[in-house]
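Single-letter residue listing:
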Amino acid sequence: MTFPEGASGPAFAASPDYRFEVAQVASAGRVVKVEADAGKITIEHKPIWRLYMESMTMIFKVADPAMLTGLTPGDRIRFKVDRAGDGFVVTRIENTNW
Ligand SMILES: [Cu+2]
């Protein structure tokens, strides 16, 4: 298992923040558009209640454009997103097309 990091093992399972940590990494969606040069990705995402978002298609900045390497429109992904100033930044993406 490669994602989320630290999501397995007794230490994680015993953490009182278990549910919270799962919620932090559980956002799911589908790639609509990749703009590597701009460091942006458009994602059709499922609800992210933590951020008060219903299902929608929106553009996210990514923490590192290298995260976009190999992603193609239509790919199913899981991703982590955090608040960043007035907007949001995706800090991790995992392709779940397997
Ligand atoms: Cu959204």
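Source: prediction; values computed, not measured.

Calculation notes
- Residues numbered from 1 in each chain as written.
- Predicted model: local features only at pLDDT ≥ 70, side-chain atom pairs only at ≥ 80, totals over all residues.
- Core = buried A, V, L, I, M, F, W, Y, C linked by C-beta atoms within 7 Å.
- Buried ≥ 20, exposed ≤ 12 C-beta atoms within 10 Å, placed from the backbone.
- Helix = DSSP H or I, 4+ residues; strand = E, 2+ residues; numbered from the N terminus.
- Contact = placed C-beta atoms within 7 Å.
- pLDDT = per-residue confidence, 0-100.
- Pairing = 2+ DSSP bridges.
- Axes fitted to C-alpha atoms, helices over the stretch in contact; angles between N-to-C directions.

## Looking at the nonpolar core
Phase 1: Listed in full, the twelve residues of the largest apolar core are Val-31, Val-34, Ile-41, Ile-43, Phe-60, Val-62, Leu-68, Ile-77, Phe-79, Val-81, Val-90 and Ile-93.
Phase 2: Counting residues per element, this core draws most heavily on strand β4 (residues 76-84), which supplies three residues.
Phase 3: Apart from the residues within four sequence positions on either side, Val-62 is in contact with Gly-39, Lys-40, Ile-41, Met-67, Leu-68, Val-89 and Val-90.

## Describing the confidence of the model for the protein
Phase 1: Mean pLDDT over the protein: 82, with 73% of residues reaching 70 or higher.
Phase 2: Here helix α1 (residues 10-13) is the element of the protein with the lowest mean pLDDT, 46, and strand β2 (residues 40-45) is the one with the highest, 98.
Phase 3: Segment residues 6-15: pLDDT under 50, and seven contacts once partners within four positions in sequence are set aside and those in other chains are kept.

## Considerations on the sheet that holds β2
Phase 1: In space, the five strands of this closed barrel follow the order β1-β2-β3-β5-β4, with mixed pairing throughout. With strand direction ignored, the average angle separating the axes of adjacent strands in the sheet is 55°.
Phase 2: As paired strands, strand β1 (residues 27-35) and β4 are joined by four bridges and run antiparallel to one another. Bridge pairing links Ser-27 to Phe-79 in β4.

## Some words on the pairing of strand β5 (residues 87-95)
Phase 1: Taken together, the two bridges between strand β3 (residues 56-62) and β5 define a ladder with parallel strand orientation. Across the sheet, Val-62 pairs through a bridge with Val-90, a residue of β5.
Phase 2: Pairing of β4 with β5 involves eight bridges; the strand directions are antiparallel. Residue Asp-82 lies in a different strand from β5, and its bridge partner there is Val-89.

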